[in-house]
Amino acid sequence: DTGVSQNPRHKITKRGQNVTFRCDPISEHNRLYWYRQTLGQGPEFLTYFQNEAQLEKSRLLSDRFSAERPKGSFSTLEIQRTEQGDSAMYLCASSLGGSGGYTFGSGTRLTVV
Amino acid sequence: GDSVTQMEGPVTLSEEAFLTINCTYTATGYPSLFWYVQYPGEGLQLLLKATKADDKGSNKGFEATYRKETTSFHLEKGSVQVSDSAVYFCALSRDDTGNQFYFGTGTSLTVIP
């Protein structure tokens, strides 16, 4: 297992379109996290899963955003009716339990034109 | 709410210079504190952490001490190398479970030979 894998690496979409990103965590990690990072800012928490249960969601996660982790393995993050303000790097991380032992993926960069 | 304030960059140093990147935090309770590093084109990697006051985290020659009295967690390295060029993020989590991180805005470091 080489780490957390995110696909695609880059996505360019037109405003109003829907997009879906995928994250494959480290296989034995039970927790999975989504963060968003805009230029010049640190990552901002969006949501996290423990196994298949979504346990916490940020207020940043509007009703256009939905995340799933159906079998407690990979996760998807969908953005509906994209807006230019959604342009950002979307980061996924996973961990085995807590204690800050996150492993981050390289991210998916979304550009909404 | 919880937050992290980080020294703004970019920072440019000559090889073998001393590095300090300042980080202060605001949090209720007793947060855990972290430094993450992001090399060009890669995901964030945990550099070091400290979970309680007066703890010192260290890794790869970098050190940071959790100072509750000054609410600080400054990153230091005695002699930087070109390979240390990266963006450094200070972060806190409310507790040691690491369910949600609050990141600073990042400090870009460039080390020139």
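Calculation notes
Residues numbered from 1 in each chain as written. Chains lettered and ligands numbered in written order. Predicted model: local features only at pLDDT ≥ 70, side-chain atom pairs only at ≥ 80, totals over all residues. Heavy atoms only, no water. Helix = DSSP H or I, 4+ residues; strand = E, 2+ residues; numbered from the N terminus. Rg over C-alpha atoms; globule rule 2.2 N^0.38 Å. Buried < 20%, exposed > 50% of the residue type's maximum accessible area, 1.4 Å probe, protein only. Contact = heavy atoms within 4.5 Å. Areas by Shrake-Rupley, 256 points an atom, 1.4 Å probe, with all protein chains shown as cover. Lys, Arg positive; Asp, Glu negative; His and termini not counted. Charge placed at Lys NZ, Arg CZ, Asp CG, Glu CD. Buried area = accessible area lost by both parts, 1.4 Å probe. Salt bridge = Lys/Arg side-chain N within 4 Å of Asp/Glu carboxyl O. Polar contact = N/O pair within 3.5 Å; in protein donor to acceptor, adjacent residues only side chain to side chain.

Enquirer: Describe the overall build of chain A, and please don't skip the residues or the numbers.
Expert: Counting its secondary structure elements, chain A contains zero helices and eleven strands. Secondary structure elements of chain A, listed N to C terminal, follow the sequence β-β-β-β-β-β-β-β-β-β-β. Here the C-alpha radius of gyration of chain A, 13 Å, is about what a compact globule of 113 residues would show, namely 13 Å. A principal-axis box enclosing the C-alpha atoms of chain A has dimensions of 35 × 25 × 25 Å. A total of 113 residues make up chain A; the buried ones form 46% of that total. For chain A, long-range pairs separated by at least 24 residues make up 53% of all intrachain contacts whose partners lie at least 6 apart in sequence. For chain A, the exposed area adds up to about 5600 Å²; of that, 44% sits on carbon and sulfur atoms. Between the averaged position of the 14 positive side-chain charges in chain A and that of its 11 negative side-chain charges there is a distance of 6 Å.

Enquirer: Go over the overall build of chain B with me, naming the residues and quoting the values.
Expert: The secondary structure content of chain B amounts to zero helices and twelve strands. The secondary structure elements of chain B, listed N-terminal to C-terminal, are β-β-β-β-β-β-β-β-β-β-β-β. For 113 residues, the compact-globule estimate of 2.2 N^0.38 gives 13 Å, and the C-alpha radius of gyration of chain B, at 13 Å, lies within 12% of that figure. Once the C-alpha set of chain B is aligned to its principal axes, its extents read approximately 45 × 25 × 20 Å. For chain B, the residues scored as buried account for 46% of the 113 residues in total. Partitioning the intrachain contacts of chain B with sequence separation of at least 6 by distance along the chain shows that 55% fall at a separation of at least 24. In the form shown here, chain B has an accessible surface area of approximately 5200 Å², with 49% of it arising from carbon and sulfur atoms.

Enquirer: Please set out the interface of chain A and chain B residue by residue, giving values where relevant.
Expert: Counting residues at the interface gives 20 residues for chain A and 20 residues for chain B. Here chain A and chain B share an interface that buries about 1500 Å² over both sides, 47% of which is from carbon and sulfur atoms. Here chain A is connected to chain B by zero salt bridges. Connecting chain A to chain B are two residue pairs in polar contact (both at pLDDT 80 or more). Tallying contributions element by element places strand 4 (residues 31–37) of chain A first for the side of chain A that touches chain B, with four residues.

Enquirer: Talk me through the pattern of salt bridges; I want residue IDs and the actual numbers.
Expert: This structure, assessed with the given rule, holds six salt bridges over all chains. Between D24 of chain A and R22 of chain A there is a salt bridge whose closest N-O contact spans 2.8 Å. We classify R22 of chain A as partly exposed; its relative accessible area is 34%. For the salt bridge of K56 of chain B with E63 of chain B, the shortest nitrogen-to-oxygen distance reads 3.6 Å. K56 of chain B sits in the exposed class, given a relative accessible area of 52%. You can call E63 of chain B partly exposed: its relative accessible area is 34%. One network of salt bridges, in which partners are shared, links R64, E83 and D86 of chain A.

Don't take any of this as a statement about function, it's just geometry.
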